[in-house]
Amino acid sequence: MNSIGIKRCSKAYNSLAVSPVQVLQDTLTAIKDLRHLNAFSYDITSDEEEALELAAQSEKRYKQGNPLSPLDGVPISFKDNFLVKNMPSTAGSKILRDFVPPIDSTMAQRCREAGAIIVGKTNMDEFGMGSFTLYSEKVPVNPINEDLVVGGSSGGAAVATATNQGMAAFGTDTGGSVTFPANCCSVYGFKPSYGRLSRHGVILYSSSNDSPGILAQNIDDISSIFQVVDGEDIKDSNSLSFTEPELRTSLKGVRVGIAEEFNIEELPQERIDEQRKVIDILQDHGAEIVEVSIPLLKQILPIYYTIIPAEAASNLSRYDGLKYGLQHSTVSSKDSKVDYQEYIQRIRTEGFGINVKRRIALGNFVLSTQDVDFNEMYIKAQKVRRLFCEQYNDIFEGIESSKGLQKGVDILLSPNAVGDIPKVSSIRSGEIDAIIGEYSQDYYTVPSNVCGAPALCLPMADVDHLSQSEKKPAAMYKLWGKYGMDRSLLQIGKLIDKIVKNS
Amino acid sequence: MFLTKFPKKYRGPMLARAFTRTPEQVLKNYKLTTGFEIHCQMLTETKLFSNAPTKSNDLSNSCASFVDVALPGMLPVLNKECLKVALKASLALKGDINKKDGYEIRFDRKHYFYPDMPQGYQITQKEHPIMENGYLRFYNRLKKEDKIGIERIQIEQDSAKSFHDFHNYSGIDYNRAGSALLEIVTFPEIHHPIDARIVVRELQETLKYLNISTANMEEGQMRCDVNISLRHRFDSEKFGNRVELKNLQGIKFIEKAIESEIVRQATIIDSGGYVPLQTRRYDVDKNETILLREKEDDLDYRFMYDPDLPSYFITPEMISEAEEQISSVPFDEKKKLSDKFGLTVDQAQTVFSYPELYDYFMETLIQLNEIVDPQLVYNYIFSIFIGNCTKKNLTNFKFKIDQCKTKGNDRLIELMLLQVEDKISFSHAKMVLYEIIDGDKRSSFNIAKDSGFIKNENTSIEDINAVIDKILEEKQDIVEKLRAENRSNKRKKKLGPIMFLVGQAMRVLKADGDPQYVQEYIRKKVLGK
């Protein structure tokens, strides 16, 4: 089945050329047929009735000419760390085994209210900690080339999106967890500004970096979804509403920044060539290429890897096996009476996987003040983070320096990933160090999380994911937006995407 | 004090014990230093970060939201009401409202695993608390104005409650989890157990008076930890480390707990022992403190700012709004009662021990200003009214005082005015008040009139004296008995003879007589005093 995309689908629904019930049935068929790709941790194929009923209601609304939104009747999926009422929501962890939330996350709720139909929960690295979705009970398979990783931590979401198991997918992004899997599976990935999409009902890992994100097969679809879920939520104190200036209609005069810090030794020639190609096309269409510098960009990985384990250790301390998830009876106990400390020790030892344990240990070390004031390290990281935000913002706002006034840029352009997409076999065999490999992959993705700015990852060519004989993923590039200017970024992204793909 | 000149080893433990028998003796030799950490539940409808009602006594787990039980994905949302209440406390205790950071406050996470801490951390304030460097004024044990510094006030979450009375299991009630607490930390500036009690009581009164907390210690709405250390007044080598007494159960135990702890510490120090940093609790029944844990075992709380909560800014509007609600604190009121109305510090304190009557008392004072002596008003309400109600086991004073009012007539005021206008004697007035307390619905004047308590306007003091003189003449035998009784060496003299004479005079005088005056007159006349 070829994807028609939300925009076209919506048109077809409106003209009654296609029915939401039919689209849902096609989607469910795809889910059944592609089970070997392990996109889902849970899907509704075992209990289709309710969803089909929702689709029927949607169809009725279209017939009456009053659909709820452009998402009405559109099947979508959620990453397993979103609470979706009555569907298991485990964040890919054994410690939340069989946890079925009694409420929806704000993202799920807003989608439902807009008429979207949730078809399942996608596989992910446990609690979002990972870049390849290898820390998942079932490892998703890259539909383009089964030997390549799917990226992570929203790996299942990328696979589902790439293979029409739902028209779009919600992922979460902590340091590239949406954009990197989008990169690996050649789909579009969008990480909005921090606070623009509510985190209420998202099983958090690093509270100050985590943001819901959207994966889809084109930018219009991302925009349609974004429009529905965008905006302040009283249940998330860090969420905000933004107003944006009028959107651009052409690339003429758009200032595209290239930071000198983007040019690193590790960048292979192939990436440089791809970048060159995009730059040339942009210049041909009247965009202005501006060289800028964000000196702290090079310090961001250590800052990030100081902050996230600390927040992870803290956020995951609520999992003690007392209230939900893995419980006493499932923990082997030799003696009948187990004291509290012993109990949670057993639960957490059994419930958490290796990468999660690694980050909790690291986080507690960072926050510890037992012997030395290690806590200082964490505080220092926060300070550098603030400085970086200022530097990043200055690039967009424009700054007055000794060289005179430098006008701000509209977007930044960079590669999305440093090297080639790693092979599952190389990681499994130890040829690539999974841990270090993961960390360094994040060079271009992490800064957007650290400063809370929006990021968009785009393929340079269309890829027919399943029937591709070359098994070659598309070249990708990343656009960096100004904090709070998400719709502007999506609009410029759309203009660029059109000319890049047509060239 | 020559003993202190000798090296330690010459001092025997027996001798040492002789010096530390009572708290008074300890305080003679040692300087006590105490400070307090007080937690109180804020009076707000809903919890600090969730919209669950603050009703910890409702059916178990009926007042716990998904945020309170730390369901995955739930985020804290600050209840702005708590900020207002905390701001009131901060202003009442005269602190800097974190002006150094432009009125910015933040929340931090304090991590430890405990069954009644569902998030695995408590949200509290470490780096940017709502208030620092305040003070609380009070009248100390010598009735002098005094003050104690407040180091900081922080807003934080309360824990759930554990119950261990299930077979092999513990139960957890999350109703209290996430309720808003204020933690008030004082500087260690108190040096006497009585002052310690006074300070905590003053703070409690302030919190109650300003509707910050119901601050009931017995019900756990206010919890008090006391830090205690001793230093010998003359021997710099003799001192103990700070010991923290956790969770004292009531104001009345503060003094006792400190006394028992200083005797324990002084005994150890005097015998050459070492007082380590410890956390202890006070056992009310045994009147002794019991070790809970050594300070070395304290956890590493791994403090971290809470990334789920933004900074909050206290605006000048919020401050002026709060200021409007705290025009005075109990200390100001006590000072006014003492300076302006001439009550003693103890009387002013008594007024504050009955908060339910406070408004009534103040209104009456102002209404009767310059007509009735404040002392008399105080006497009517706090000795006669309270005394008689208490005797009759009528503890709802507010209800009873309201009953004194019928059809817009405050019969208590009516009665005071009758006395001031010399229409009724104090003794008879009391009896009228007792009738009212018993439920009599008539006006004070009518009760007095019907009981024959109203004085005859035409009776002069000379007429009264003449009546008494006549009784004394007629009852010579009793007068002699009175004289004999007075001459005897008995410590407690019999009151029979004089009361008989008073009774005889009153029978004639009726309302015109004041038994107190009659008694005084007889004493003067017969005994010359």
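In this numbering scheme, every chain counts its residues from 1 along its sequence in written order. Going through the entries in the order they are written, you letter the chains from A and number the ligands from 1. Two thresholds apply to this predicted model, a pLDDT of at least 70 for residue-level local features and 80 or more for giving and counting side-chain atom pairs, whereas whole-chain, interface and lining totals are computed over all residues. Side-chain calculation: all heavy atoms of the structure are included, whereas hydrogens and water are not.

Chain B goes by Glutamyl-tRNA(Gln) amidotransferase subunit B, mitochondrial in an unreviewed UniProt entry, where it is assigned to Euplotes crassus. UniProt positions are given in the numbering used here, feature names are shortened, and annotations may be inferred rather than shown by experiment. Per UniProt, chain B carries the Catalytic activity (unreviewed entry) text "L-glutamyl-tRNA(Gln) + L-glutamine + ATP + H2O = L-glutaminyl-tRNA(Gln) + L-glutamate + ADP + phosphate + H(+)".

By the naming in an unreviewed UniProt entry, chain A is Amidase domain-containing protein, taken from Euplotes crassus.

A. Layout of the overall build of chain A. Looking only at helices and strands, chain A features 16 helices and 13 strands. With the principal axes as the frame, chain A shows a C-alpha extent of 75 × 65 × 45 Å. Whether a residue is buried, partly exposed or exposed follows from its accessible area with a 1.4 Å probe, protein chains only, as a fraction of its type maximum: under 20%, in between, or over 50%, in that order. Every one of the 503 residues in chain A was classed for burial, and the buried ones make up 61%. Within chain A, residue pairs in contact and separated by at least 24 positions form 77% of the contacts whose partners lie at least 6 positions apart. Values of accessible area rely on a 1.4 Å probe in the Shrake-Rupley scheme; residue burial ignores everything except the protein chains shown. Split by element, the accessible area of chain A, about 19600 Å² in all, is 49% carbon and sulfur. Two residue types count as positive, namely Lys and Arg, and two as negative, namely Asp and Glu; His and chain ends fall outside the count. Note that the charge is assigned to NZ on lysines, CZ on arginines, CG on aspartates and CD on glutamates. When the 52 basic and 64 acidic side-chain charges of chain A are each reduced to a single mean position, those positions are 2 Å apart. Segments assigned H or I by DSSP are reported as helices when at least four residues long, segments assigned E as strands when at least two residues long, and all are numbered from the N terminus. Working rule for contacts: check all heavy atoms of both residues, and any pair within 4.5 Å makes them a contact.

B. Spatial organisation of the overall build of chain B. A tally of helices and strands in chain B yields 18 helices and 17 strands. Radius of gyration means the value over C-alpha atoms here, while the globule rule gives 2.2 Å times the residue count to the 0.38 power. Its C-alpha atoms give chain B a radius of gyration of 30 Å, more than 25% over the compact-globule value 24 Å for 529 residues. With the principal axes as the frame, chain B shows a C-alpha extent of 90 × 70 × 55 Å. The proportion of buried residues among the 529 residues of chain B is 52%.

C. How the structure looks around the pattern of salt bridges. Salt bridge, as applied in this entry: a Lys or Arg side-chain nitrogen positioned within 4 Å of an Asp or Glu carboxyl oxygen. By the definition in use, this model includes 51 salt bridges over all chains. The salt bridge partner of A:Glu350 is A:Lys94, with a shortest N-O separation of 3.1 Å. Taken as a pair, A:Glu350 in helix H10 (residues 340-351) and A:Lys94 in the loop between strand S2 (75-79) and helix H4 (106-113) lie far apart in primary sequence, 256 residues in all. A salt bridge links A:Arg199 to B:Asp308, with the nearest nitrogen and oxygen atoms 2.9 Å apart.

D. Spatial organisation of the UniProt feature "domain: Asn/Gln amidotransferase" (unreviewed entry) in chain B. Feature annotation in UniProt assigns "domain: Asn/Gln amidotransferase" (unreviewed entry) to the following positions: residues 359-526 of chain B. Regarding residues 359-526 of chain B, the helix share stands at 68% and the strand share at 2%, and the terminal C-alpha atoms are separated by 46 Å.

E. Expanded view of the UniProt feature "coiled-coil region" (unreviewed entry) in chain B. Per the UniProt record, the feature "coiled-coil region" (unreviewed entry) sits at residues 461-492 of chain B. For residues 461-492 of chain B, the helix share is 81%, the strand share is 0%, and the end-to-end C-alpha distance is 32 Å.

F. Structural view of the interface of chain B and chain A. On the side of chain A, 43 residues touch chain B, which itself brings 33 residues to the contact. Across the interface of chain B and chain A, roughly 3100 Å² is buried in total on both sides, 55% from carbon and sulfur atoms. Viewed at the interface, chain A and chain B are joined by 1 salt bridge. By the criterion applied in these results, polar contacts are pairs of N or O atoms within 3.5 Å in which, for protein atoms, one can donate a hydrogen and the other can accept it, and in which residues neighboring in sequence qualify only through two side-chain atoms. At the junction of chain B and chain A, the tally comes to 18 residue pairs in polar contact (both at pLDDT 80 or more). Those elements that place two or more of their residues in the side of chain B that touches chain A are strand S3 (108-111) and strand S14 (304-305) of chain B. Taken together, the residues of the side of chain B that touches chain A sort by class into 24 nonpolar, 5 polar and 4 charged. Take the accessible area each of two parts loses on contact, using a 1.4 Å probe, and add the two losses: that sum is the buried area. Under the scheme applied here, ten amino acids are nonpolar (Ala, Val, Leu, Ile, Met, Phe, Trp, Tyr, Cys and Pro), four are charged (Asp, Glu, Lys and Arg), and all others, including Gly, are polar.

G. Highlighting helix H11 (residues 354-367) of chain A. All names here are of chain A. Take the residue count of a helix, subtract one, and multiply by 1.5 Å to get its expected span. Look at H11: 20 Å from first C-alpha to last across 14 residues, which is about the 20 Å you get at 1.5 Å a residue. For H11, every residue scored as buried is listed here: Asn 355, Val 356, Arg 359, Ile 360, Gly 363, Val 366 and Leu 367. All buried residues of H11 fall inside an arc of 135 degrees around its axis, so they share one side. Here the arc refers to the set of directions running from the helix axis out to each C-beta atom.

H. Focus on the sheet that holds strand S10 (residues 222-232) of chain B. Residues and elements named next belong to chain B. Pairing is mixed across the open sheet formed by 8 strands, whose spatial order is S5-S6-S9-S1-S10-S11-S12-S13. Both outer strands of the open sheet, strand S5 (131-139) and strand S13 (288-294), are each paired with one neighbouring strand and no more. Each adjacent strand pair in this sheet contributes to an overall mean axis angle of 30 degrees, direction not counted. For two strands to be treated as a pair, DSSP must find no fewer than two bridges joining them. Direction of pairing for S5 relative to strand S6 (residues 145-157): antiparallel, over a ladder of 8 bridges. When the bridges of S6 are listed, Arg 137 appears paired with Lys 147. Contacts between helix H4 (residues 193-209) and the sheet are confined to strand S1 (30-41), S5, S6, strand S9 (180-186) and S10, with S5 contributing the most and set at about 110 degrees to the helix. Against the sheet, helix H5 (residues 251-270) makes contact with S1, S10, strand S11 (243-248), strand S12 (278-283) and S13, and its axis sits at roughly 30 degrees relative to S10, the strand it touches most. Note on geometry: axes are lines fitted to C-alpha atoms, helical ones only across the stretch in contact, with angles between N-to-C directions running from 0 to 180 degrees.

I. Looking closely at unusual backbone geometry. In this structure, the amide linkage connecting A:Gly152 to the following residue, A:Ser153, adopts the cis form with an omega of 5 degrees. As for its position among the elements, A:Ser153 is in the loop between strand S3 (117-122) and helix H5 (155-162). Unusually for a residue other than glycine, B:Lys143 sits at a positive phi of about 65 degrees. In this structure, B:Lys143 sits in the loop between S5 and S6. Taking relative accessible area as the criterion, B:Lys143 reaches 40% and is therefore assigned partly exposed.

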